[in-house]
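One-letter residues, chain by chain:
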Amino acid sequence: MEMPVFDVHEMKTLDSKKSWQLFLKTINHGNKLMGEHKFPMKFERMGKQMLRKCGGLPLAIKEVGKQLVEKKLSRRGEWEQLLESVDFGSTLKLLEPFYNKLDPKLDSCFLSMAFFKENTTLRAEKLTQIWVVGGVVDSEDECKPYLDGLVNESFIAVKDKSTEYSMNTLLHMLSIQKAEEKLSFEIQRNNGNNRPSESPRHHRVIICSRDKFNYSTDKDKLLISLFFHGGGYFDTNSSYWKSFEQLKILDLEDFGLKTLPETIGTLMELRYLGLRNNYLQELPDSLGCLEKLEVLDIAQNFMVEVPDIIWEICSLRHLYLSNVICRKPSKIAALQNLKTLTYVSVDNLTYELSDLKMLRFLEKLGIEELDGNSDVSKLFVALAVLESLKHLILRGYRFRSMPCLDELGILRSVRTLKLDGLLSRLPSNLPRKIESLTLIDSCLDEDPMPLLGKLPKLKYLKLRNAYTGQEMVILHDGFVSLKALCIEELWNLRNVQCPKYAMFGLQKLEIHDCPYLDTLSKTIGPKNRLKELKMVTTKSIATKIKNLDLISEIGIVNINP
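Residues numbered from 1 in each chain as written. Predicted model: local features only at pLDDT ≥ 70, side-chain atom pairs only at ≥ 80, totals over all residues. Heavy atoms only, no water.

1. Let's talk about the overall build of the protein
Step number 1: Assigned secondary structure in the protein consists of 14 helices and 24 strands.
Step number 2: Here the protein holds 561 residues, and 51% of them are scored as buried.
Step number 3: Put simply, of all contacts in the protein between residues at least 6 apart along the chain, 49% involve residues at least 24 apart. (Helix = DSSP H or I, 4+ residues; strand = E, 2+ residues; numbered from the N terminus. Buried < 20%, exposed > 50% of the residue type's maximum accessible area, 1.4 Å probe, protein only. Contact = heavy atoms within 4.5 Å.)

2. Here we look at the side chain of D447
Step number 1: Its location among the elements puts D447 in the loop between strand 17 (436-440) and helix 13 (449-452).
Step number 2: It turns out D447 is buried and unbridged, and the closest side chain with the opposite charge, K454, is 12 Å from it.
Step number 3: In this structure the side chain of D447 is engaged in a polar contact, spanning 3.0 Å, whose partner is the backbone nitrogen of M449.
Step number 4: A polar side-chain atom of D447 sits 2.8 Å from the main-chain amide nitrogen of V473.
Step number 5: The residues touching D447, leaving out its near neighbours within four places in the chain, are Y467, E471, M472 and V473. (Lys, Arg positive; Asp, Glu negative; His and termini not counted. Salt bridge = Lys/Arg side-chain N within 4 Å of Asp/Glu carboxyl O. Polar contact = N/O pair within 3.5 Å; in protein donor to acceptor, adjacent residues only side chain to side chain.)

3. Focus on the confidence of the model for the protein
Step number 1: A residue-level look at the protein finds 86% of positions with pLDDT of 70 or above and a mean pLDDT of 85.
Step number 2: This model gives residues 1-9 a pLDDT under 50, and the stretch forms 17 contacts once residues within four places in sequence are excluded. (pLDDT = per-residue confidence, 0-100.)

4. Re the sheet that holds strand 2 (residues 157-160)
Strand pairing within a sheet occurs via backbone hydrogen bonds; the two strands may be parallel or antiparallel.
Step number 1: Taken together, the three strands give an open sheet; going across it, the order is 1-3-2, and neighbouring strands pair in antiparallel fashion. The sheet is open, and its two edges are formed by strand 1 (122-123) and strand 2, each paired on a single side. (Pairing = 2+ DSSP bridges.)

5. Examining the pattern of salt bridges
Working definition: two side chains of opposite charge can pair if their charged atoms are close together.
Step number 1: Scanning the entire structure with this criterion turns up 22 salt bridges.
Step number 2: Residues K339 and E363 are paired through a salt bridge, measuring 3.7 Å at the closest nitrogen-oxygen approach. Placement of K339 in the loop between strand 12 (324-326) and strand 13 (340-345) and of E363 in the loop between helix 11 (346-351) and strand 14 (364-370) is noted, with a sequence separation of 24 residues between them.
Step number 3: The partner of D371 in a salt bridge is R400, with the nearest N and O atoms 3.1 Å apart.

6. A look at the environment of V344
Step number 1: With respect to the element layout, V344 can be found in strand 13.
Step number 2: Spatially, the C-alpha atoms of V344 and I332 are 9.2 Å apart, while their sequence positions differ by twelve residues.
Step number 3: With residues up to four places along the chain from it excluded, the contact list for V344 reads I332, L349, L365, G366, I367 and E368.

7. Describing unusual backbone geometry
Step number 1: Cis rather than trans, the peptide bond between T342 and Y343 has omega equal to -15°.
Step number 2: Among the secondary structure elements, Y343 is positioned in strand 13.
Step number 3: If you check the backbone angles, E369 has positive phi at about 70° while not being a glycine.
Step number 4: Note that E369 resides in strand 14.

So this is what it looks like as structure tokens:
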């Protein structure tokens, strides 16, 4: 699917350093022309804090600078007052030409950003599922071009590969403004700052603090989506949920919810139920009444009890669990329409190995509680027949070592692999077609790079607390396809040896919390290839790296102590 291409040079974002340089250039030049004083550096911290709201947008930064210049300075130089009085509403008007050029379908995807919290991380999975359930996009297979389209037009930015995105404050404000105009959307707060609608709404965000929120349900029959943000106090009686006759999307993620009433089962049209990161201890049996439910997310609810009837919701396509308690052995194989299943205990899967072949649509699987006693050989054989399985996550059990994973190689369809847990050694046989590999808390004694460098299609590699040694060695013919490398929390690493033509295609390099890694080989990402370098390190190392000649040849550089 081809997306329209627009002139987006003014929408390409700048990093914090370049944003500040543009701001100073704009304001100091303007004041010079007007015979006023330059920006006083004693207000630098306040100025940078104010500038964060621009999200790195050049046109927003210039507009803010112009506002400050036009207000003129009094003889006393009232910069502090001026910085607090910046009007970002006028800056939104500057974004109108860019917004108006959006493809209608891309516009609908952008408007849905109004449902989410400000400055939140947007998970690709959640975004696409809400687009499909809400009727914005016809199918999940069509979503990737629209995600790429929003990135290309700079309306969202990639945070982690293509799985997480961010959105700056101004564009979030614009999405809310446009959603209120075009999408029958409203925001309700319990602080009294509401604009009550005269007609029923289709989409609503409720923002609660810990104060009691008296909420009316008079106009809820046409509501399609309902999102809760805030502190977790929301007082509803048992009949509250019965008023939502058409509700398809209910999201209570990060809300601090402790209980879910039985009346949730009256939401007969519900297709998306987001309960991630709450304090739920059990789910009601009435969930079995939600016969159209496609997405159920109860991840990050510690030790939540799941009713047996959940295995009878045959409409489920995406099921997110973690640390769940099942009254009886699970019947996962009965959910034959599943595309996503994370996380499920290795013991539960082993219990129904012979039936796993029924999950023929399964694309992503997360398995947890693996330890040295887990028999994974038969499990891998059972998973090998699932031709749709592309993404696999294996998570260890507490601080125990994971079992031998040498037989992973038989999973030929897997493209994305994440190993999260202690490993005695790296698996000797990894899927040959793997494109993305993440190792977390592996604590390997042996350098993993010689073996990993032999994976011919590996494009993305992330190592976090994965290696305890002092030196890494990249072979001369290693990592022929690698585009992005991220190393984090390698506390002992002091040197990376890289021959001239190894990792020649590397475009992005991230280094976080490697306190002894004070040298970067000039051959890591030749000057004409490496586009982005990010580092979080000590102050002395940051200064040293910034002075390297190769830094000036890299497009995006963000090095912070």
